[in-house]
Amino acid sequence: MSALLQTSLWDADEPLLGNLTGIRRTDLGRGAWVDHRPGWLDGAAVLLDRLIEAVPWQEQEREMYGTVVTVPRLVRFYGRSDPLPDPVVEQARETLSEHYEAELGERFVTSGFCLYRDGADSVAWHGDRIGRSRTDDTMIAILSLGSPRTLALRQRGGGPTVARFDLGHGDLAVMGGSCQRTFEHAVPKTRSPVGPRISIQFRVAGVL
Ligand SMILES: O=C(O)CCC(=O)C(=O)O
């Protein structure tokens, strides 16, 4: 895993969360929105390196058209009582909970980690619709570290991409409202020479 280490000479020595005053909300329609705060975490490359080493990454398999395929990215899920692999991740989750609790009505409690090793890793179009998000509005907050990758959104069921955010280097994006029910999101593969990216998704209880 150490070949993936990415620390940049220009990055801060210690990861440091900024403020959330610079968030810009994009209204997608149909009750869905995305908040975006570029560069929320300073020193993101340092945290990327720490998490590449500290997270016990897993390969995931899923059935597709009758065959079992390996999902093209590494993952790890931390439930609400699992100790997180780095104090900065816990700080990010708590800061986001404080910021969004009045609007969301609850706090973020789980943390899903995904490692995109290079441009061949990706996630296909989907909504996070397991659990309460199938029927209820929710928020999924994503902190991105490492090489930026496109988070694309389209209406549920197909059609053109209606919004895209290049997420990496400490960027924050929050998908909210009806987004998981009415829209789909994806991180497409890219032929550009990109380094690793980690996406950390914070969710409320009962949403996967
Ligand atoms: O990589 C990302 O930021 C998106 C991850 C995602 O959509 C998922 O794991 O459900």
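None of the values given here were measured: they were computed from a predicted structure.

Chemist: How would you explain the overall build of the protein chain if you had to name every residue and give the values?
Modeler: In terms of helices and strands, the protein chain carries 3 helices and 14 strands. Radius of gyration (C-alpha) of the protein chain: 16 Å, near the 17 Å computed for a compact globule of 208 residues. Projected onto its principal axes, the C-alpha positions of the protein chain cover 45 × 45 × 35 Å. Across the 208 residues of the protein chain, 50% fall into the buried class. Pairs at least 24 apart in sequence give 78% of the contacts found in the protein chain among residues at least 6 apart. Here the protein chain displays about 10100 Å² of accessible surface, and carbon together with sulfur accounts for 50% of that area. Side-chain charges of the protein chain comprise 24 positive and 27 negative groups, with the mean position of each set lying 8 Å from the other.

Chemist: How would you summarise the site of the ligand if you had to cite specific residues and measurements?
Modeler: Residues in contact with the ligand, as listed here, are Arg 73, Cys 114, Tyr 116, His 126, Asp 128, Ile 142, His 185, Val 187, Arg 197, Ser 199, Gln 201 and Arg 203. A distance of 2.9 Å separates an oxygen atom of the ligand from a polar atom in the side chain of His 185. If you map the ligand onto the pockets, it falls in the largest pocket. Secondary structure elements with two or more residues in the shell around the ligand: strand E7 (110-116), strand E13 (183-187) and strand E14 (197-203). With 4 residues, E14 is the single largest residue contributor to the shell around the ligand. For the shell around the ligand, the per-class residue count stands at 4 nonpolar, 4 polar and 4 charged.

Chemist: Talk me through the layout of surface pockets; I want residue IDs and the actual numbers.
Modeler: Any space left empty among the atoms is revealed by the rolling of a water-sized probe across them. Taken as a whole, the largest pocket spans an internal volume of roughly 930 Å³. Put simply, the parts of the chain that give the lining of the largest pocket at least two residues each are strand E5 (58-64), strand E6 (67-78), E7, strand E8 (123-126), strand E9 (140-146), E13 and E14. No other element matches the 8 residues that E6 contributes to the lining of the largest pocket. Grouping the amino acids of the lining of the largest pocket by side-chain chemistry returns 20 nonpolar, 10 polar and 10 charged.

Chemist: With reference to specific residues and values, describe unusual backbone geometry.
Modeler: The phi torsion at Tyr 65 lies on the positive side, around 50°, for a residue other than glycine. If you trace the backbone, Tyr 65 turns up in the loop between E5 and E6. By relative accessible area, Tyr 65 is classed as exposed at 80%. Residue His 169 is not a glycine yet carries a positive backbone phi of 50°.

Chemist: Would you mind going over the nonpolar core in detail, with residue names and values included?
Modeler: Inside soluble globular proteins, nonpolar side chains tend to come together where they are buried. Among the nonpolar cores identified, the biggest contains 36 residues, and Phe 113, Leu 145 and Ile 198 are the most heavily contacted of them. Residue assignment for this core shows that the elements contributing at least two residues are helix H1 (44-54), E6, helix H2 (87-104), E7, E9, strand E12 (171-177) and E14. Sort the elements by how many residues they give to this core and H2 lands first, with 6 residues. Counting residues in each nonpolar core, the second largest holds 19 residues, with Ile 142, Ala 163, Phe 165 and Met 175 among its members.

Chemist: Can you tell me about the side chain of Ser 199, naming the residues and giving the values?
Modeler: When you line up the elements, Ser 199 lands in strand E14. There is a polar contact of 2.8 Å between the side chain of Ser 199 and the side chain of Gln 201. Beyond its immediate stretch of four places on either side in the chain, Ser 199 contacts Gly 112, Phe 113, Cys 114, Tyr 116, Ile 142 and Leu 143.

Chemist: Describe the pairing of strand E10 (residues 149-155), naming the residues involved and giving the relevant values.
Modeler: With 5 of 7 residues buried, E10 lies mostly within the body of the structure. Both E10 and strand E11 (residues 161-167) contribute to a ladder of 6 bridges, which runs antiparallel. Within E11, the residue paired with Leu 151 across the bridge is Phe 165. The antiparallel pairing of E10 with E11 creates a hairpin that spans 5 residues between the two strands, and Gly 157 there sits at a positive phi of about 100°. Alignment of E10 against E13, held across 4 bridges, turns out to be antiparallel. Bridging across to E13, Ala 152 finds its partner in Ala 186.

Calculation notes
- Residues numbered from 1 in each chain as written.
- Predicted model: local features only at pLDDT ≥ 70, side-chain atom pairs only at ≥ 80, totals over all residues.
- Heavy atoms only, no water.
- Helix = DSSP H or I, 4+ residues; strand = E, 2+ residues; numbered from the N terminus.
- Rg over C-alpha atoms; globule rule 2.2 N^0.38 Å.
- Buried < 20%, exposed > 50% of the residue type's maximum accessible area, 1.4 Å probe, protein only.
- Contact = heavy atoms within 4.5 Å.
- Areas by Shrake-Rupley, 256 points an atom, 1.4 Å probe, with all protein chains shown as cover.
- Lys, Arg positive; Asp, Glu negative; His and termini not counted.
- Charge placed at Lys NZ, Arg CZ, Asp CG, Glu CD.
- Near = heavy atom within 4 Å.
- Polar contact = N/O pair within 3.5 Å; in protein donor to acceptor, adjacent residues only side chain to side chain.
- 1 Å grid on protein atoms, 1.4 Å probe; cavity = no way out; pocket = protein on both sides within 12 Å on 5 of 7 lines; lining within 4 Å.
- Sits in = over half its atoms within 2 Å of the grid points.
- Nonpolar A, V, L, I, M, F, W, Y, C, P; charged D, E, K, R; others polar.
- Points joined across faces, edges and corners; volume = space filled by probe spheres on them.
- Core = buried A, V, L, I, M, F, W, Y, C linked by side-chain atoms within 4.5 Å.
- Pairing = 2+ DSSP bridges.

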